[in-house]
Amino acid sequence: MSESLQLSGELVQKLQDILVEHDERCHDPLVTVQYMSAISGYLLGCQPIPAAKRQEFLEQLAAFMRHVHDDVERQQREQQAAPAQQPPQEAFGIWRPGDP
């Protein structure tokens, strides 16, 4: 599999928009996911490679999808758990050497 992919929200949205043009139900992201899975299976199934190699690649894709899913889920949890940054506040005081 490719070492480096350039996945972005913009790319995902463009793919979903194309699928919506084909099928309005793709406004629902879960329908979009079904189409993307079917497309992946279709493309892989059309490859002129031994069946065992296709099966191995299919298993790698499933593991890769799980990895991406888990990574996105973890990032979302971290963003929700992160406390909101307080805006800097003005401060005034006198500091002298030796002050804590």
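Here goes a summary of the coordinates provided. Everything numeric here is computed off the predicted structure, so don't read it as measured data.

## With respect to the overall build of the protein chain
- In terms of helices and strands, the protein chain carries three helices and zero strands.
- For the protein chain, with 100 residues in total, the buried portion stands at 8%.
- The contacts of the protein chain with a sequence gap of at least 6 include a subset with a gap of at least 24, amounting to 19%.
- Accessible surface, the protein chain as shown: approximately 9,200 Å² in total, 58% of it carbon and sulfur.

## Looking at the pattern of salt bridges
- This model, assessed by the stated rule, comprises five salt bridges.
- Here D23 ties to R25 by a salt bridge, and the two come within 2.6 Å at their closest N and O atoms.
- Assessed through its relative accessible area of 55%, R25 is described here as exposed.
- In this structure, E73 and R77 form a salt bridge, with 3.6 Å as the shortest nitrogen-oxygen distance. Within this pair, E73 and its partner R77 are both found in helix 3 (residues 51-81), separated by four residues, close to a single helical turn.
- Relative accessible area serves as the criterion here: at 48%, R77 is assigned to the partly exposed category.
- Put simply, D71, R74 and E78 are held in one network by salt bridges that share partners.

## Notes on the side chain of D23
- Tracing the chain through its elements places D23 in the loop between helix 1 (9-22) and helix 2 (29-45).
- Within the structure, the side chain of D23 is placed 2.6 Å from the side chain of R25, a separation counted as a polar contact.
- Of note is the side chain of D23, whose polar atom sits 2.7 Å from the side chain of Y35.

Calculation notes
- Residues numbered from 1 in each chain as written.
- Predicted model: local features only at pLDDT ≥ 70, side-chain atom pairs only at ≥ 80, totals over all residues.
- Heavy atoms only, no water.
- Helix = DSSP H or I, 4+ residues; strand = E, 2+ residues; numbered from the N terminus.
- Buried < 20%, exposed > 50% of the residue type's maximum accessible area, 1.4 Å probe, protein only.
- Contact = heavy atoms within 4.5 Å.
- Areas by Shrake-Rupley, 256 points an atom, 1.4 Å probe, with all protein chains shown as cover.
- Salt bridge = Lys/Arg side-chain N within 4 Å of Asp/Glu carboxyl O.
- Polar contact = N/O pair within 3.5 Å; in protein donor to acceptor, adjacent residues only side chain to side chain.

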